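Okay, here's what each chain looks like letter by letter:
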Amino acid sequence: MADLQAIADAVIKGDRNTVAEQCKAALAEGVLVGDVLEKGLIAGMNVVGVRFKANEIYVPEVLIAARAMKAGMELLEPHLKEAGVKPVGTVVLGTVKGDLHDIGKNLVGMMLQGAGFKVVDLGTDVDAPTFIAKAKESGARIVAMSALLTTTMPQMAAVVKAVKADGLAVKTIIGGAPVTQSYCDEIGADGYAPDAASAADLARELV
Ligand code: B1M
């Protein structure tokens, strides 16, 4: 019999085979796909986020959990479309112009997906016009930016300014090793998160 807690536990352990088997079993038994997502995959990823924030687990464990979650998501996706289950919202995510660091940004993307968002990942070296164009194209509610260099942090200010000038109804959130809450306040972004799990919490609060 399908066990949603077993799916959550398998995500936490990063056991992608069990995630896939249990998701298949749940769908075959007619469990609602939204429940498999919320009470299985997302519930597991939430625990991963909490443990990551508390430094009980580290980047490799998060990556393995995200890979396990992805195995489940691939099985669920066609059913989610059929059932009309909508993502919490769309987030356009990227590392800002001039910056090629993407490990933290990728973790943020995984946590956002884990929290039920659709993520449009623009990659690295993303300029303000691209953030804005992709946010419009995807109907995003949040523009999320990562920067790892003190020299590229001002690009975040440029994006925030461009979003405001455009009148685009999106929230801007920022993060990355050199970024701080006071920098967020200074440039007028809507939120700052110190780590990937907090970024997902922040995004949920903002929508
Ligand atoms: Co670079 N690098 N790097 N680097 N690199 C740093 C950042 C640096 C601190 C190293 C140092 O000098 N001690 C330094 C920056 C100094 C500064 O500006 N203050 C530096 C430098 C100088 C450079 C180059 C200029 C080096 C050179 O060429 N002379 C160059 C720049 C290239 C460019 O971007 N244009 C460069 C290049 C590289 C590599 C390509 C070799 C590689 C990147 C590979 C890749 O990303 N694919 C690299 C790496 C790996 C690092 C270090 C070692 C590790 C970064 C990392 O991935 N950390 C880094 C030193 C360090 O941090 N120890 C360093 C792990 C990752 C999980 O953490 O990205 O901070 P992080 O993400 C965290 C949080 O910050 C947060 O969540 C994540 C985890 O929870 N977070 C967000 C991130 N984005 C967020 C967004 C949010 C919210 C939270 O909301 C949207």
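These figures come from a predicted structure and were not determined experimentally. (Residues numbered from 1 in each chain as written. Predicted model: local features only at pLDDT ≥ 70, side-chain atom pairs only at ≥ 80, totals over all residues. Heavy atoms only, no water.)

Visitor: Explain the coordination of the cobalt atom of the ligand to me, using residue names and the numbers behind them.
Guide: The protein supplies the cobalt atom of the ligand with one donor atom, His101 (NE2), which lies at 2.2 Å. Tracing the sequence through the fold places histidine 101 in the loop between β1 (90-95) and α5 (103-114). (Donors = N, O, S within 2.8 Å, 3.2 Å for Na, K, Ca; no water. Helix = DSSP H or I, 4+ residues; strand = E, 2+ residues; numbered from the N terminus.)

Visitor: Lay out the side chain of serine 198 with the relevant residues and their values.
Guide: Looking at the element boundaries, serine 198 is found in helix α9 (residues 196-206). On the basis of relative accessibility, which here comes to 12%, the residue serine 198 falls in the buried class. When residues no more than four places from it in sequence are discounted, the contact partners of serine 198 are Lys53 and Ala193. (Buried < 20%, exposed > 50% of the residue type's maximum accessible area, 1.4 Å probe, protein only. Contact = heavy atoms within 4.5 Å.)

Visitor: Kindly report on the domain arrangement of the protein chain, identifying the contributing residues and their values.
Guide: In terms of domains, the protein chain is made up of domain 1 (4-83) and domain 2 (90-206). With eleven residues of domain 1 in contact, the opposing surface of domain 2 contributes 13 residues. Counting every contact that joins domain 1 to domain 2 gives one salt bridge. Linking lysine 53 and aspartate 201 is a salt bridge whose minimum nitrogen-to-oxygen distance equals 2.6 Å. Summed over the shared surface of domain 1 and domain 2, the result is one residue pair in polar contact (both at pLDDT 80 or more). Elements represented by at least two residues in the side of domain 1 that touches domain 2 include exactly α3 (33-53) and α4 (59-83). When residues of the side of domain 1 that touches domain 2 are assigned to their parent elements, the largest contribution, six residues, is made by α3. Within the side of domain 1 that touches domain 2, the residues separate by chemical class into nine nonpolar, one polar and one charged. (Domains from an automatic or database assignment. Salt bridge = Lys/Arg side-chain N within 4 Å of Asp/Glu carboxyl O. Polar contact = N/O pair within 3.5 Å; in protein donor to acceptor, adjacent residues only side chain to side chain. Nonpolar A, V, L, I, M, F, W, Y, C, P; charged D, E, K, R; others polar.)

Visitor: Any details on the packing of α3 against α9? Residues and values, ideally.
Guide: Closest axis-to-axis distance for the α3/α9 pair is 8 Å, and the angle between their directions is 125°. Relative to α9, α3 is oriented oblique. Here Ile42, Gly49, Phe52 and Lys53 of α3 lie close against α9, whose contacting residues are Ala196, Ala197, Ser198, Asp201 and Arg204. The residue inventory of the contact of α3 with α9, partitioned by class, reads four nonpolar, two polar and three charged. (Axes fitted to C-alpha atoms, helices over the stretch in contact; angles between N-to-C directions. Parallel < 35°, antiparallel > 145°, perpendicular 65-115°, else oblique.)

Visitor: Describe the site of the ligand, listing the residues and the values that go with them.
Guide: Taken together, 27 residues are adjacent to the ligand, and Leu100, His101, Asp102, Ser146 and Ala196 come closest. The contact in question runs from an oxygen atom of the ligand to an N or O atom on the backbone of alanine 196, over 2.9 Å. Elements that contribute at least two residues to the shell around the ligand include exactly α5, β3 (142-146), β4 (171-175) and α9. A total of four residues in the shell around the ligand trace back to one element, the largest contributor, which is α5. Residue composition of the shell around the ligand, by class: 17 nonpolar, seven polar and three charged. (Near = heavy atom within 4 Å.)

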